[in-house]
Amino acid sequence: MRPSPSVLIVKRLIDIAVGFIGSLVFLFFYPILAFLIKWESPGPVLYSQERIGINKRMRRFRLTENGEAVKTQWDDGSDFPGRKADVGGRPFLIYKFRSMRADAEKNGPQLAAKGVDPRVTRVGWWLRALHLDELPQFLSVLRGDMSFVGPRPERAHFTVQFGDTIPHYRQRTLFVKPGLTGLAQITLGYDDGLDSVVRKSYFDYSYRASFAHFSSWWKMEWWILLNTVQYLAIKPRRDGDTRDLASLKRVKLLDMLAKSPQKHAKHKVTAWVKLDTDDRSLVIEGREPADIMGRLNRLSARGLKTLEVCYTPPQDFDLEEMGFLVDLSTRVKQAGGRMAVRDPSARVRRMLQEIHMDKVVELSRPQGRVKNFLTVDVECWFHAYNLKEKITPAMWHLQETRIVNNIAKILDLFRSQDAKATFFVLGWVADKFPEVVTMIASEGHEIGTHGYYHNLITDMTPASFEEDLLKSMEAISRRCSTPVRGHRASNFTVVPSTYWSLEILAKHGLTYDSSIFPIKRDRYGIPNYPNRLPHTLHLKSGAKLMEFPMSTLGVGNKFLPMSGGGYLRLFPHVVTESFIEARNAKGQPAMVYFHPWELDRDMRRVSVGLVKSFQHYVNIHSTEWKLNRLLQKFAFGSIQETADSRRVQVMLRRNPVYIPSHLSPGWNKETRTGGLEGSTNGTVAERSTAA
């Protein structure tokens, strides 16, 4: 893929300005340096050498019937099989001040020797140390043969040699001019062997990938320009012709493979596409980026609006995979999409950061991350509290619902991102749509209960709640062999006046609840609840339950609900992602929840007043997109899976909450108490009772 036109225009303007100024500096220093070079050793002051410039020939592919990409032609139209020896670009002459003896390469081209190169003269050593030998190359920059920033121009002899042993080596200058300075030059210094060339190839690929979009190129270009100045300020080493580079020491510790022992037949990517008609996640495997993008481009006819692609690198990430990643990221970005690398190993992550590929693609979800809770409240759109007055339970069976299709869409999304979740299923849904429970269970997700009729616990008696609970558990158990262990109350209505419901949950074998929302709302919420992290509840009967509250963000002396339902839709994705990132940085998991109908942009609209309509429908078109971003960036699991982790087990033991034996009249007053993020000792949920 060709670079962005805006990048090429701005880059050429910079090259003209820098080339002109550099040429003036060259003319100023020429008499002095010419005298010193001639004074020490006989031979010419300047020497010319053929180097390989920009490569404008790119392989073309055609797709076979089985979807594989086959090389057919180069970009200029010449047939691939009949092409002559490929030197990887257009040859041109560069001029440099001579820093070696005149007979330095009488035995043929060779790389710089390690340590002190005996071919380098004393004046030449200083010229190399101060990089004054490069001054004549500003003329090449001004002519347009080179750029000020780019990959190092190599000789044809080495280009052919390395092109046969290093994957994609000839493509490092594909549509990119070589440069005086560059990402590889200021990081690794001079080449001293094949390993050094391999390492530099990673940096050159990364720089080429930045050309796909102006913003990524601009960040990369300025970083190189600023660090070139810092590079020149480093004191030269006396025992060699390179500087003591900390970056070189770090990179040498990384296993940067040219070719891995085991080659991968196909690459796996996950793509999230937003169309005019629907949103979907796709898992695509292919041998070449052209193959994968060919499949994605077929969606353009259906109104492709948004494209987000995730690439999962193998453990033995090598230059083959690097070339694939560069080509794919270029194609995705030029299509207006977003590119991310998901679940990189520690080695791959350090490598991509070291070569500054993180300026081009997003590095998501590092290993060793905090796993967050992912939950789904499985109910139909007409079960929502805001629609209760318009659509009564007696009318439910008359309503059109796409609950099965919505669940299938959610399961596809989770499968594509390798995420597991807890589905709190409404008993009414389990009876009317049994295939929903079967689909969820077959994917290995956890299933909990959301009650049967979606009634508020605050409107129920202990007897009616127990009946509703048992009926929902029975409906779920008929379609799922796994016992129900978790509960989430309708509208989070486990509040001080309904603490008796926790005793009923424990009585019937449930091990955890996820219904407490530590905020102040009209019909639910406990604003001064003493523990906002996962914890253990000690009930009056002596039974215990695990409690997993909803996530909140402290702002001043208030708490805002975060990362779920209408709040997930309402807040910009940056706010939600920053909240989860900050929470994970403390080692604390966040709770994310949503409803299947929140992914249904075409569901029936009911007029229920301005406020309730806003709460129910705001930003409903963005739910799946935001979920996809969260799943790419963070790690998620079901409640039971995440609760078994060592980190959460410590939280469950550390700060238990003791449910009081009776209610206090002052409980509902909004007061601040200690232990909001977990106190040092067990916390009594009602201070007056504890006293």
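Structure: see above.
Just so you know, these numbers come straight off a predicted model, no measurement behind them.

What counts and what doesn't
Residues numbered from 1 in each chain as written. Predicted model: local features only at pLDDT ≥ 70, side-chain atom pairs only at ≥ 80, totals over all residues. Heavy atoms only, no water. Helix = DSSP H or I, 4+ residues; strand = E, 2+ residues; numbered from the N terminus. Buried < 20%, exposed > 50% of the residue type's maximum accessible area, 1.4 Å probe, protein only. Contact = heavy atoms within 4.5 Å. Areas by Shrake-Rupley, 256 points an atom, 1.4 Å probe, with all protein chains shown as cover. Expected span 1.5 Å × (residues − 1). Patch = residues over 30% accessible without salt bridge, like charges linked within 9 Å, V, L, I, M, F, W, Y side chains within 5 Å. Salt bridge = Lys/Arg side-chain N within 4 Å of Asp/Glu carboxyl O. Core = buried A, V, L, I, M, F, W, Y, C linked by side-chain atoms within 4.5 Å. Pairing = 2+ DSSP bridges. Arc of directions from axis to C-beta. 1 Å grid on protein atoms, 1.4 Å probe; cavity = no way out; pocket = protein on both sides within 12 Å on 5 of 7 lines; lining within 4 Å. Points joined across faces, edges and corners; volume = space filled by probe spheres on them. Nonpolar A, V, L, I, M, F, W, Y, C, P; charged D, E, K, R; others polar.

**Student:** Would you take a moment to explain the overall build of the protein chain for this structure?
**Tutor:** Each helix and strand in the protein chain was counted, giving 23 helices and 24 strands. In the protein chain, which comprises 691 residues, the share counted as buried stands at 57%. Taking as baseline every contact in the protein chain between residues at least 6 positions apart, the subset at least 24 positions apart corresponds to 76%. Taken as a whole, the protein chain presents about 29800 Å² of accessible surface, with 55% of it coming from carbon and sulfur.

**Student:** Before we go on, may I ask you to explain unusual backbone geometry in this structure?
**Tutor:** For residues that are not glycine, phi is negative in most cases, and the peptide bond is trans in most cases. The phi torsion at His168 lies on the positive side, around 60 degrees, for a residue other than glycine. Relative to the elements of secondary structure, His168 occurs in the loop between α4 (156-163) and β6 (179-181). Positive phi, close to 50 degrees, is recorded for Asn619, a residue that is not glycine. Mapped onto the fold, Asn619 is located in the loop between α19 (610-617) and α20 (623-633). By relative accessible area, which is 27% here, Asn619 ends up partly exposed.

**Student:** In this structure, what is going on with helix α12 (residues 403-416)? I would like to understand it.
**Tutor:** Each α-helix winds once per 3.6 residues, and so residues spaced three or four apart point in a common direction. A rise of 1.5 Å per residue sets the reference length of α12, with its 14 residues, at 20 Å; its end C-alpha atoms lie 20 Å apart and thus fit the reference within 8%. Where α12 is concerned, the buried positions are Ile403, Asn406, Ile407, Ile410, Leu411, Leu413, Phe414 and Ser416. A positive phi of about 55 degrees marks Asp418, the residue just after α12.

**Student:** It is not clear to me how the side chain of Thr181 should be interpreted in this structure. Could you clarify?
**Tutor:** Structurally, the position occupied by Thr181 is in strand β6. Thr181 has contacts with Phe148, Val149, Gly150, Ile186, Ile224 and Thr228, leaving out every residue within four places of it along the chain.

**Student:** Hey, could you run me through a nonpolar patch on the surface in this one?
**Tutor:** Taken together, the side chains of Ile9, Leu13, Ile16, Phe20, Ile21, Leu24, Val25, Leu27 and Leu142 make up a nonpolar region of the molecular surface, amounting to roughly 850 Å² of accessible area. Among the structural elements, Ile16 can be located in helix α1 (residues 5-40).

**Student:** Looking at this structure, I do not really get the nonpolar core. What am I missing?
**Tutor:** It is characteristic of soluble globular proteins that their nonpolar side chains tend to be buried jointly. Val378, Phe414, Phe423 and Phe548 are the most contacted members of the largest nonpolar core, which totals 93 residues. The element best represented in this core is α12, accounting for six residues. Other than its neighbours up to four places away in sequence, Phe414 contacts Leu374, Val376, Ala419, Ala421, Phe423, His445, Phe594 and Leu631. Among the nonpolar cores identified, the runner-up in size contains 73 residues, and Phe148, Tyr207, Leu245 and Val360 belong to it.

**Student:** So what exactly am I meant to see when it comes to the pattern of salt bridges here?
**Tutor:** One side chain can pair with another of opposite charge once the charged atoms of both are near each other. On inspection of all chains with the given rule, the structure shows 27 salt bridges. Linking Arg152 and Glu154 is a salt bridge whose minimum nitrogen-to-oxygen distance equals 3.3 Å. Relative accessible area serves as the criterion here: at 3%, Glu154 is assigned to the buried category. In this structure, the salt-bridge partner of Arg479 is Asp431, at a minimum N-O distance of 3.2 Å. Residue Arg479 is found in the loop between α15 (462-477) and β15 (486-487), and its partner Asp431 is found in helix α13 (residues 427-432); the two are separated by 48 residues along the sequence. Here Arg479 falls in the partly exposed class, since its relative accessible area comes to 26%. Because the salt bridges share partners, they merge into one network encompassing Asp431, Glu474, Arg478 and Arg479.

**Student:** Got a minute to help me understand the pairing of strand β19 (residues 552-555) in this structure?
**Tutor:** Regular strands show a simple pattern: their side chains alternate between the two faces of the sheet. Judged from the four bridges that link them, β19 and strand β20 (residues 558-561) form a sheet pairing that is antiparallel. When the sheet's bridge partners are listed, Thr552 is paired in β20 with Pro561. Linking β19 back to β20 in an antiparallel pair, the connection comprises two residues, with Gly556 at a positive phi of about 65 degrees.

**Student:** Which parts of the structure should I look at to understand α4?
**Tutor:** Within α4, the full set of buried residues consists of Ala156, Phe158, Thr159, Phe162 and Gly163. All buried residues of α4 lie within an arc of 165 degrees about the axis, which places them on one face of the element. Buried-residue contacts for α4 involve β1 (46-52) and α6 (194-209).

**Student:** In this structure, what is going on with empty space enclosed by the protein? I would like to understand it.
**Tutor:** Empty pockets left among the atoms are what a rolling probe the size of a water molecule brings to light. In total, this model carries seven cavities of 30 Å³ or more according to the counting rule given. Arg152, Glu154, Tyr169, Arg172, Ala184, Gln185, Asp191, Val197, Lys200, Ser201 and Asp204 are the residues that line the largest cavity. Secondary-structure elements contributing two or more residues to the lining of the largest cavity are α5 (183-188) and α6. Here the lining of the largest cavity takes four residues from α6, the largest share from any one element. Of the residues that constitute the lining of the largest cavity, the class distribution is three nonpolar, two polar and six charged.

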